[in-house]
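Read off the chains here:
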Amino acid sequence: MKRSSDTGRLIATIILMITLALAGVMMAACKGGTEETDEKELFVIGFSQLGSESDWRLANTKSMMDTFTNDKGYELVIQNAKQQQDNQFAAIRSFILEGVDLIIIAPTVEEGWENVLREIHDAGIPVIIIDRSVAVWDTNLFLTNVGSDFLRQGQMAIEWLESQPVNPDTGCLKILHLQGTYGATAQIQRTRALEEGVEAHPEWYIASQLYGDFTEAKGYEVMTEYLSDPENRDIDVIYSENDNMTFGAIQALEEAGITYGDEGQVKIITFDATKKALQLCMDGKISVCVECNPMHGPVVEDLISRYRAGESIPRQIFVDETCFTRDNLTQEIIDGREY
Ligand code: GZL
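Criteria and thresholds
- Residues numbered from 1 in each chain as written.
- Predicted model: local features only at pLDDT ≥ 70, side-chain atom pairs only at ≥ 80, totals over all residues.
- Heavy atoms only, no water.
- Pairing = 2+ DSSP bridges.
- Helix = DSSP H or I, 4+ residues; strand = E, 2+ residues; numbered from the N terminus.
- Contact = heavy atoms within 4.5 Å.
- Axes fitted to C-alpha atoms, helices over the stretch in contact; angles between N-to-C directions.
- Near = heavy atom within 4 Å.
- Polar contact = N/O pair within 3.5 Å; in protein donor to acceptor, adjacent residues only side chain to side chain.
- Areas by Shrake-Rupley, 256 points an atom, 1.4 Å probe, with all protein chains shown as cover.
- Nonpolar A, V, L, I, M, F, W, Y, C, P; charged D, E, K, R; others polar.
- Domains from an automatic or database assignment.
- pLDDT = per-residue confidence, 0-100.
- Buried < 20%, exposed > 50% of the residue type's maximum accessible area, 1.4 Å probe, protein only.
- Right-handed = clockwise from strand over helix to strand, strands pointing away.
- Expected span 1.5 Å × (residues − 1).
- Arc of directions from axis to C-beta.
- Phe/Tyr/Trp six-rings, centres within 6.5 Å; stacked < 30°, edge-to-face > 60°.
- Lys NZ or Arg CZ within 6 Å of the ring centre and 35° of its normal.

Caption draft 1: View of the sheet that holds strand β6 (residues 173-179). Strand order in the open sheet formed by six strands is β7-β6-β8-β9-β10-β12, with mixed pairing between adjacent strands. If you trace the sheet from one side to the other, it starts and ends with β7 (204-211) and β12 (323-324), each paired once. Where β6 meets β7, seven bridges bridge the pair, whose relative direction is parallel. For Leu178, the partnering residue across the bridge sits in β7 and is Leu210. Packed on one face of the sheet, helix α5 (residues 150-162) meets β6, β7, β8 (237-240), β9 (267-272), β10 (288-291) and β12 and runs near 160° to β9.

Caption draft 2: Geometry of the site of the ligand. Taken together, 13 residues lie around the ligand, and Glu53, Asp131, Arg132, Arg190 and Asp272 are the ones closest in. A distance of 2.7 Å separates an oxygen atom of the ligand from a polar atom in the side chain of Arg132. Within the contact set of the ligand, an oxygen atom lies 2.9 Å away from a side-chain nitrogen or oxygen of Asn242. For the ligand, whose unbound accessible area comes to 310 Å², protein coverage reaches 100%. The set of elements that each furnish at least two residues to the shell around the ligand consists of α2 (55-67) and α6 (185-200). Taken together, the residues that form the shell around the ligand break down as five nonpolar, two polar and six charged. Residue-level mapping places the shell around the ligand at the junction of two domains, with at least three residues from each of domain 1 (41-147 + 294-308) and domain 2 (151-292 + 326-335).

Caption draft 3: Representation of the confidence of the model for the protein in the model. On average, residues of the protein score 92 in pLDDT, and 88% of them are at 70 or above. Confidence drops under a pLDDT of 50 for residues 27-34, and excluding neighbours within four residues, the segment shows one contact in the predicted structure.

Caption draft 4: Expanded view of the pairing of β9. Burial runs high along β9: five of the six residues are buried. As judged from the four bridges shared by β8 and β9, these two strands associate in the parallel manner. Among the inter-strand pairings, Ser240 is bridged to a residue of β9, identified as Thr270. Between the parallel elements β8 and β9, the chain passes through helix α8 (residues 243-255) in a crossover that is right-handed. For β9 and β10, the ladder comprises four bridges, and the chain directions are parallel. Residue pairing across strands places Ile269 opposite Val288, the latter belonging to β10. Taking the sense of rotation as the criterion, the β-α-β connection linking β9, helix α9 (residues 275-282) and β10 turns out right-handed.

Caption draft 5: Looking closely at the sheet that holds strand β2 (residues 74-80). Spatial ordering of the open sheet is given by β2-β1-β3-β4-β5-β11, a layout of six strands whose pairing is parallel. The open sheet has two edge strands, β2 and β11 (316-318), and neither has a second partner. Averaged over all adjacent pairs, the angle separating strand axes in this sheet is 20°, with direction ignored. Across four bridges, strand β4 (residues 127-131) lies against strand β5 (residues 144-147) in parallel orientation. Directly across from Ile128, in β5, lies its bridge partner Thr144.

Caption draft 6: Up close: helix α10 (residues 297-308). The terminal C-alpha atoms of α10, which comprises 12 residues, lie 16 Å apart, in line with the 16 Å expected from a rise of 1.5 Å per residue. Every buried residue belonging to α10 is among Gly297, Val300, Glu301, Leu303 and Ile304, and all of these are buried. The buried residues of α10 occupy one face: seen down the axis, they fall within an arc of 165°. Phi turns positive, to about 85°, at Gly310, one or two residues after α10.

Caption draft 7: Summary view of the packing of aromatic side chains. Under the counting rule described, the total for this entry stands at five aromatic pairs. Residues Phe43 and Tyr74 carry aromatic rings whose centres are separated by 6.3 Å and whose planes lie at 85° to one another, so their mutual orientation is edge-to-face. With a gap of 31 residues between them, Phe43 in strand β1 (residues 43-49) and Tyr74 in strand β2 connect regions that are remote in the sequence. Owing to a relative accessible area of 4%, Tyr74 belongs among the buried residues under this scheme. Aromatic side chains Phe89 and Trp113 sit 5.3 Å apart centroid to centroid with 85° between the ring planes, which places their arrangement in the edge-to-face category. Residue Phe89 is found in helix α3 (residues 85-98), and its partner Trp113 is found in the loop between β3 (102-105) and α4 (114-122); the two are separated by 24 residues along the sequence. Both residues of the pair, Phe89 and Trp113, count as buried. Grouped by ring-pair contacts, the aromatic residues Phe43, Phe68 and Tyr74 constitute a single cluster. Of note, Lys285 hangs over the ring of Tyr260, and the distance from its end group to the ring centre comes to 5.4 Å. Between Arg315 and the ring centre of Phe142, over which it is positioned, the NZ or CZ distance is 5.9 Å.

Caption draft 8: Region of the structure containing α2. For α2, which comprises 13 residues, the first-to-last C-alpha distance of 18 Å matches the rise-based estimate of 18 Å (1.5 Å per residue) to within 8%. Buried residues along α2 sit against β1, β2, β3, β4, β9 and α10.

Caption draft 9: Focus on the side chain of Ser54. Relative to the elements of secondary structure, Ser54 occurs in the loop between β1 and α2. On the basis of relative accessible area, Ser54 is assigned to the buried category, the value being 5%. The residues touching Ser54, leaving out its near neighbours within four places in the chain, are Phe214, Asn242 and Asn244.

This is the structure:
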């Protein structure tokens, strides 16, 4: 009896051990398979966004977030540099350590990118530059630059200004220039277009160039300070390098009792063409809104898909943009805008 009961216990123990072993193997396979499948499917993108300084920038970030979603097979890791290039370098180096599949950079300024782009290159990670550009000798350090032709934007504004009469009392045009972040491609090229325009028109002159850093607060601050001197109040045109500085400048004009718009003293030229600026243009308060399209997400996704399929992609992609005035603007266009 004892022998058979011993034997029975032994057999039961062996069956239990085999069952547990099989269960463990199945669980491991399921777990490993699930995790492996999840990790394998997501294409991880490290995105160094320069900041959140303007409505344009917020729209640009939203476009990227709306495009690179998990259900479309992406993991988008965004780091906001608060307009500091050093923060971008730190973010990019963390992306390299994480071993992301691709890095996207919206650079604060053009200079200073050679070393960190070489580090990314040496790590074997592809890079796409969006919005502004980077000034590097070796353009093989990035796949492509998706952005705007900022010089053309400025030239469209100058073409409109050329169609305007000079001040009949003075025989000239006194222009106040609000500049964006020094060294950013948008600032460099929009400034170049104005300065080349002034050079070609002796009856135009730049009364002052104020630094607004692409923000509404700074635009208001420098404009308020400038208008505090009565000698500075006779400006004919404000050439403002983005809408948010324009909104600050408009507040300063109103507080100084200076009229603006179609029926006012000061004609305003602005860049970005956000909904708020277009509405002011429609209402005759802003004369020219030069569009700067922030909706880079879909364009960048198409380029990444083509790159992953082994196709060659262009080194530079310009997005479509329009120069809006009351002549070509409708409420329907404004209401249909995404930003
Ligand atoms: C332009 C972009 C500029 C916008 C500003 O592509 O770099 O930066 O014109 C933004 O609104 O701050």
